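As a plain string of letters, each chain reads:
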Amino acid sequence: MKKNNEIQEWLQLYDTPAIPKGKMNELISAGQRYMDSAEFNKNSLQTILLSQLQYLPLFFWIVQVILVAIAVVLVSLSGYWKVPLHYPLTVLMVMIPLIVLVGVREVSKSNLYDMWEIEQSSRCQLVKITACRMLIVGLVDLFLVTGTLTVTSFYYQQSFIEVILYGMVPFNISCTCYLFTIMRNEKGQISYHLFVCMICITVIFSIILKQEVLFETSMIWGWSIFYFFSLVLLAKTVWDYLEHEKKIGELAWNLQ
Amino acid sequence: MIKKIQAGDTEAFDALVRKYYGIIYQFCYRRLNGDTDTAADITQDVFLKLLENIHAVRMVGKFQNYLLTIAANTCNNYFKKAKPIYTDLTTFDITDDTGSALERAIQNENMIEVRKALHTLPDYQKEVIILRFYHELKIREIAKITESNIPTAKSRLRQGLQKIKRYLEDFKGGDI
């Protein structure tokens, strides 16, 4: 015990230098800067989702509902008049990219209206706001499109899965193309390019869906593969889009 | 104080740093064999890491121990990533100029020897010795900070002390 005490006393001889006051003050300043930044002020996902839900304009909801209502009426009339399946599908090929276009414009309105700088400097990061808007608008659009496809499958007595695949592939491709267009474009021309993109998607899918061979039962696997492929592509584009949003935010700070 | 920082009170962070900076700096300084610059950098990392994770902090036990845990992990990570440090064990930045020149020379020599003794220990033993003798923590607390169990912490402390004892015997010419 005595030996241990002696060792302890001997160890106590190892003193440390004075605290570097300059470094401590630097740390306090760095910490306070961090606390004032958007990164520190992390709101919960629920808070951001609710706040973004509140900022989605009434006009957006009305347009979405009107487009879906038109699609449902046209599909119902096609079913009532018993016209071939590719006619209501052509209607959907026009309506789905249009619904998605309205949604994507809402998701990326920070970029379209050049407001990203203000949102980036708010207490919530731009990338999080965008992700939350994407989640809300994406889920709403999925719900509306699925509803429309359900009506189609009901009128045409088609398998629900098949009709969902016919509708979801253009849905995924539309989302991918719009996001890609926004990422690659100059701000002033985005609206014009998005509209052209929508026309192209509509025309291409309308032509493709006129091929009756695509609706044979054996083609379900082909549609499944195409659906999977489009889903992977969409996921990759969403990721790139969010990275793009993150990067422009960082660039803004570095330029200050 | 933690709740105030979580709510974004910068003054609370200022107070927290002023209260605990010394403890963490001293731990890092000894753990890094007296490298003053790296000790200051790692101390800064500790507090910034705390801020990054402040919303997840659920306080159980002493706050000082929580910070020491972060400091111990940050030092260990530093040793894993960094090249070996070649600190000059024979120089000191201590500015204590009380006492006569002879007393200061003796004190300086003793300090160099203690540092050398600590330097001979493996990291896991050094960590335990520092926490036990310079921060006066209980074995239970040391075990928690070093993420080991109580018998392991005890055994590391005992082995570390034995090595230091042998070093001290050599230093004092076997009169201990």
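All figures in this text were calculated on a predicted structure; none of them were measured in a lab.

**Focus on the overall build of chain A**
Looking only at helices and strands, one finds 11 helices and 0 strands in chain A. Counting from the amino terminus, helix and strand elements in chain A follow one another as α-α-α-α-α-α-α-α-α-α-α. In chain A, buried positions account for 30% of the 256 residues.

**Observations concerning the overall build of chain B**
Secondary structure summary: chain B contains 8 helices and 0 strands in total. The order of α-helices and β-strands along chain B, N terminus first, is α-α-α-α-α-α-α-α. Counting only residues that meet the buried cut, chain B has 33% of its 176 residues in that class.

**Digging into the nonpolar core**
Ile24(B), Cys28(B) and Ala71(B) are the most contacted members of the largest nonpolar core, which totals 47 residues. Contributions of two or more residues to this core are made by helix H1 (2–11) of chain A together with helix H2 (10–31), helix H3 (36–52), helix H4 (63–81), helix H5 (101–119), helix H6 (123–133), helix H7 (139–145) and helix H8 (150–171) of chain B. Residue contributions to this core peak at 10 residues, all from H2(B). Those residues in contact with Ala71(B) that sit more than four places away from it in its chain are Ile24(B), Phe27(B), Cys28(B) and Val46(B). Of all hydrophobic cores here, the second largest spans 43 residues; its members include Met95(A), Val100(A), Val145(A) and Leu194(A).

**So, the interface of chain B and chain A**
Taken together, the 32 residues of chain B in the interface contact 27 residues of chain A. Put simply, the parts of the chain that give the side of chain B that touches chain A at least two residues each are H2, H3, H5 and H8 of chain B. It is H2(B) that provides the largest number of residues to the side of chain B that touches chain A, a total of 10 residues. Tallied by class, residues from the side of chain B that touches chain A come to 17 nonpolar, 10 polar and 5 charged.

**Digging into the packing of H2(B) against H6(B)**
Residue and element names in this part refer to chain B. One way to put it is that H2 packs onto H6 with a least axis distance of 10 Å and a crossing angle of 145°. The two elements H2 and H6 cross, and the hand of that crossing is right-handed. Residues Phe27, Arg30 and Arg31 of H2 form the contact with H6, whose own contacting residues are Lys126, Glu127 and Ile130. Partitioned by chemical class, the residues of the contact of H2 with H6 number 2 nonpolar, no polar and 4 charged.

**Quick notes on H4(B)**
Residues and elements named next belong to chain B. The first and last C-alpha atoms of H4 sit 27 Å apart over 19 residues, in line with the 27 Å expected at 1.5 Å per residue. Every buried residue of H4 is listed here: Leu67, Leu68, Ala71, Ala72 and Cys75. One face of H4 carries all of its buried residues, which in axial projection span an arc of 145°. Summarising the geometry of H4, the exposed residues directed more than 90 degrees from the buried face are Asn77, Lys80 and Lys81.

**Some words on the environment of Cys200(A)**
Residues and elements named next belong to chain A. With respect to the helices and strands, the residue cysteine 200 is situated in helix H10 (residues 190–208). Given 12 C-beta atoms within a 10 Å radius, cysteine 200 is considered exposed. Residues cysteine 200 and serine 174, spaced 26 residues apart in sequence, show a C-alpha to C-alpha distance of 10.0 Å.

**Observations regarding the confidence of the model for chain B**
In this model, chain B carries an average pLDDT of 80, and 84% of its residues clear a pLDDT of 70 or more. Taken over the whole predicted complex, pTM reads 0.51, whereas the ipTM for its chain interfaces reads 0.77.

**Considering helix H8 (residues 126–156) of chain A**
The terminal C-alpha atoms of H8(A) lie 44 Å apart, and with 31 residues this matches the ideal 45 Å at 1.5 Å per residue to within 8%. With its phi angle positive at about 50°, Gln157(A) sits one or two positions after the end of H8(A).

**Some points on the environment of Ile24(B)**
Residues and elements named next belong to chain B. Tracing the backbone through its elements, the reader meets isoleucine 24 in helix H2. Looking at isoleucine 24, the number of C-beta atoms within 10 Å reads 25, which means it is buried. Each C-alpha atom of the pair isoleucine 24 and alanine 72 lies 9.5 Å from the other, and the pair is 48 residues apart in sequence. Leave out the neighbours within four places in its chain, and isoleucine 24 touches Thr43, Val46, Leu67 and Ala71.

**A short note on unusual backbone geometry**
Residue and element names in this part refer to chain B. Positive phi, close to 55°, is recorded for glutamate 136, a residue that is not glycine. Inspection of the secondary structure puts glutamate 136 in the loop between H6 and H7. Residue classification places glutamate 136 among the exposed positions, given that 8 C-beta atoms sit within 10 Å.

**Focus: the packing of H6(B) against H8(B)**
Residues and elements named next belong to chain B. Where H6 contacts H8, the axes come no closer than 8 Å and their chain directions differ by 90°. In terms of axis orientation, H6 runs roughly perpendicular to H8. Along its contact with H6, which presents Tyr124, Gln125, Val128, Ile129 and Arg132, the element H8 presents Ala153, Arg156, Leu157, Gln159 and Gly160.

The rules behind these values
- Residues numbered from 1 in each chain as written.
- Chains lettered and ligands numbered in written order.
- Predicted model: local features only at pLDDT ≥ 70, side-chain atom pairs only at ≥ 80, totals over all residues.
- Helix = DSSP H or I, 4+ residues; strand = E, 2+ residues; numbered from the N terminus.
- Buried ≥ 20, exposed ≤ 12 C-beta atoms within 10 Å, placed from the backbone.
- Core = buried A, V, L, I, M, F, W, Y, C linked by C-beta atoms within 7 Å.
- Contact = placed C-beta atoms within 7 Å.
- Nonpolar A, V, L, I, M, F, W, Y, C, P; charged D, E, K, R; others polar.
- Axes fitted to C-alpha atoms, helices over the stretch in contact; angles between N-to-C directions.
- Left-handed = near helix turned anticlockwise from the far one by under 90°.
- Expected span 1.5 Å × (residues − 1).
- Arc of directions from axis to C-beta.
- pLDDT = per-residue confidence, 0-100.
- Parallel < 35°, antiparallel > 145°, perpendicular 65-115°, else oblique.

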